[in-house]
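# Overview (structure and organization)
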Amino acid sequence: MINNDNLRRKNTVFATELFYLGFIILLSALTLSHTIFIDFFPNRIVLLIRIFSYIILTSFILINSKAYSFSLKKIILYVAFVTLSLISFYYSHAYYILDLLFLGTAAAKIDFRDVIKVYLIIQISITLVTIFGDLSGALTQQDFGFRTNLFGDTICRRSLGFLYTTLGVQIFFYCNLAYWYLRRQLIGALDICFILIVNIFFYNETGTRNAFLLIMIEIVILIVLRFKGPKLLGIFLNHKSFKYIFLIIFALSYYLGANYDGSRTFYVMLNSIVSGRLRLTRMAFDMFPAKLFGNDLYAQYQNYLTAFNISAPKSFLDSSYMQLFFNTGIVYTISFLLLLTWLFGKAIESKDFYLVIILLFIAIQSSMDPQLFEFSYNIFILLIFRFFFSDKLVS
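These remarks concern the structure in this document. Since the structure is predicted, the reported quantities are computational estimates derived from the model, not experimental observations.

### What about the overall build of the protein chain?
In terms of regular secondary structure, the protein chain is built from 17 helices and two strands. For the protein chain, with 395 residues in total, the buried portion stands at 52%. As displayed, the protein chain offers around 19000 Å² of accessible surface, 66% of which is attributable to carbon and sulfur atoms.

This is the structure:
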């Protein structure tokens, strides 16, 4: 019996090490491929790394298979979701579908707090390297036009070592939420001051407004939580209708984008508030058909540019909701949003108001930026797979 227990413990430790090996490899490669190190991570290399990570994560799932418990209903739902994911991937070529499928299934049996700690170590390390490399001139610097910073100076917008000005800021935004999730009521004045200083630094260097404003609102909420406690916001957020926030924002994004009219003052004003996202969504409606199981957006976009002899960036559809809709298709999008609705409702039911507020920030931010479904930014997306394997959000 003792030998069996020791063997079981060794298998558990080995399986856990396998999970983190696959997680770290995949997370590091995807993040670095969004930086100026992209030359070391061409598409073929990233694909090979993905496949290698999938093999490692599958090994973890098989070794740890006895830890996964299903009801018949959950088995049917999980098999249906896996099948839907594979069909949607076939039509869309969106690899984040497979990333979520393998990593989400594996992470469902790992303590989520430990996953967040590893996520923070990797992301903060890479971000610091790119920032210091960019500021010191050791890495190739990229400028993205001019703007006025908070101090009234006209400066070049910089990407701080990332491919676009928004990417480093988005990592900071999600790392900030992850840190908040771990620290909760332990966050103090020094933490808040540090977040404020870093937020101002990113805004002055990159000019990325949306994340800056959301983090400023987050700082205010942190102060309220610090002095009044989570119960104050809990009273407000306890209403069950809040769990539909992802569906509501998706519906608004769809309706406003589909009906955007640049000749109407209301739409022009609203489009300005969301940094041009409505106009870009309207473009997507003109360019891409809505399909049940998705489109290969990149290929269709390149064909469109070639046909009309247009030179434009690789991607323009910034809203996570609309990119999900056009890329993965109607069926997968609805399934994905229902899982997010379950997650939000579960957080409310568990009275985990820190997670509720974090998900609320993610829901709002996702209407303007396309990182909702990319775990290398939004690590909280892995929690949706707990619907299939556990009644608890944290193992």
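### Side note on the nonpolar core
Ranked by size, the top nonpolar core spans 123 residues in total, and within it Phe19, Phe23, Trp180, Phe246, Phe375 and Phe380 carry the most contacts. Apart from residues lying up to four places away in sequence, phenylalanine 19 is in contact with Leu57, Phe60, Leu103, Ala106, Ala107, Ile110 and Val115.

### Side note on the pattern of salt bridges
Close approach of charged atoms allows side chains of opposite charge to pair. Enumeration according to the criterion identifies ten salt bridges in this entry. Across the pair arginine 113 and aspartate 111 runs a salt bridge whose closest N-O atoms are separated by 3.1 Å. In this structure arginine 113 comes out as partly exposed when scored by relative accessible area, which is 37%. Here aspartate 111 falls in the partly exposed class, since its relative accessible area comes to 21%. Between arginine 183 and aspartate 191 there is a salt bridge whose closest N-O contact spans 3.4 Å. By relative accessible area, arginine 183 is classed as partly exposed at 29%.

### Remarks on a nonpolar patch on the surface
Together, Ile45, Leu47, Leu48, Ile51 and Ile55 give the surface a local cluster of nonpolar side chains, amounting to about 420 Å² of exposed area. Structurally, leucine 48 can be placed in helix α2 (residues 43-63).

### A short note on helix α6 (residues 165-183)
With 19 residues, α6 extends 28 Å from end C-alpha to end C-alpha; this agrees with the ideal 27 Å at 1.5 Å per step. With 15 of its 19 residues buried, α6 lies for the most part within the structure. Arginine 184 sits one or two positions beyond α6 and adopts a positive phi of about 50°.

### What to know about the packing of aromatic side chains
Following the criterion strictly, the structure yields 38 aromatic pairs and no others. Seen from their ring centres, tyrosine 78 and phenylalanine 388 are 5.3 Å apart, and the 70° between their planes marks the pair as edge-to-face. Here tyrosine 78, found in helix α3 (residues 72-92), pairs with phenylalanine 388, found in helix α17 (residues 386-389); they are 310 residues apart in sequence, far enough to count as distant. Given a relative accessible area of 16%, tyrosine 78 falls into the buried group. One aromatic cluster is present, built from ring pairs that chain together Tyr78, Phe81, Tyr332, Phe336, Trp342, Phe385, Phe387, Phe388 and Phe389. When the ring centre of phenylalanine 387 is taken as reference, the NZ or CZ atom of lysine 74 above it lies at 4.7 Å. The lysine or arginine in question, arginine 184, covers the ring of tyrosine 181, its NZ or CZ lying 4.6 Å from the ring centre.

### Things to note about the packing of α3 against helix α4 (residues 95-107)
Closest axis-to-axis distance for the α3/α4 pair is 8 Å, and the angle between their directions is 155°. If you check the angle between α3 and α4, you find them roughly antiparallel. At the point where α3 passes α4, the crossing takes the left-handed sense. Here Tyr78, Val82, Ser85, Leu86, Ser88, Phe89 and Ser92 of α3 lie close against α4, whose contacting residues are Tyr95, Ile97, Leu98, Leu101 and Thr105. Classifying every residue of the contact of α3 with α4 by side-chain character gives eight nonpolar, four polar and no charged.

### Structural notes on the environment of tyrosine 181
Among the structural elements, tyrosine 181 can be located in helix α6. For the pair tyrosine 181 and tyrosine 354, spaced 173 residues apart in sequence, the C-alpha separation works out to 6.5 Å.

### Some details on the environment of threonine 281
Note that threonine 281 resides in helix α12 (residues 277-287). Taking C-alpha positions, threonine 281 is 5.0 Å from glycine 257, a pair spaced 24 residues apart along the chain. Aside from chain neighbours lying at most four places away, what touches threonine 281 is Ser253, Gly257, Leu317, Ser319 and Met322.

### Notes on the side chain of arginine 50
Tracing the backbone shows arginine 50 in helix α2. What makes arginine 50 buried here is its relative accessible area of 13%. Not counting residues up to four positions away in its chain, the partners in contact with arginine 50 are Leu26, Leu30, Tyr95, Tyr96 and Asp99.

### Focus: unusual backbone geometry
The backbone of leucine 160 sits at a positive phi, close to 55°, despite the residue not being glycine. Owing to a relative accessible area of 1%, leucine 160 belongs among the buried residues under this scheme. Positive phi is not limited to glycine here, since lysine 351 has a value of about 55°. Here lysine 351 shows up in the loop between α15 (330-349) and α16 (353-365).

### Digging into the environment of threonine 58
Mapping threonine 58 onto the fold places it in helix α2. The partly exposed category is assigned to threonine 58, whose relative accessible area is 28%. With 44 residues separating them along the chain, threonine 58 and phenylalanine 102 place their C-alpha atoms 7.1 Å apart.

What counts and how
- Residues numbered from 1 in each chain as written.
- Predicted model: local features only at pLDDT ≥ 70, side-chain atom pairs only at ≥ 80, totals over all residues.
- Heavy atoms only, no water.
- Helix = DSSP H or I, 4+ residues; strand = E, 2+ residues; numbered from the N terminus.
- Buried < 20%, exposed > 50% of the residue type's maximum accessible area, 1.4 Å probe, protein only.
- Areas by Shrake-Rupley, 256 points an atom, 1.4 Å probe, with all protein chains shown as cover.
- Core = buried A, V, L, I, M, F, W, Y, C linked by side-chain atoms within 4.5 Å.
- Contact = heavy atoms within 4.5 Å.
- Salt bridge = Lys/Arg side-chain N within 4 Å of Asp/Glu carboxyl O.
- Patch = residues over 30% accessible without salt bridge, like charges linked within 9 Å, V, L, I, M, F, W, Y side chains within 5 Å.
- Expected span 1.5 Å × (residues − 1).
- Phe/Tyr/Trp six-rings, centres within 6.5 Å; stacked < 30°, edge-to-face > 60°.
- Lys NZ or Arg CZ within 6 Å of the ring centre and 35° of its normal.
- Axes fitted to C-alpha atoms, helices over the stretch in contact; angles between N-to-C directions.
- Parallel < 35°, antiparallel > 145°, perpendicular 65-115°, else oblique.
- Left-handed = near helix turned anticlockwise from the far one by under 90°.
- Nonpolar A, V, L, I, M, F, W, Y, C, P; charged D, E, K, R; others polar.

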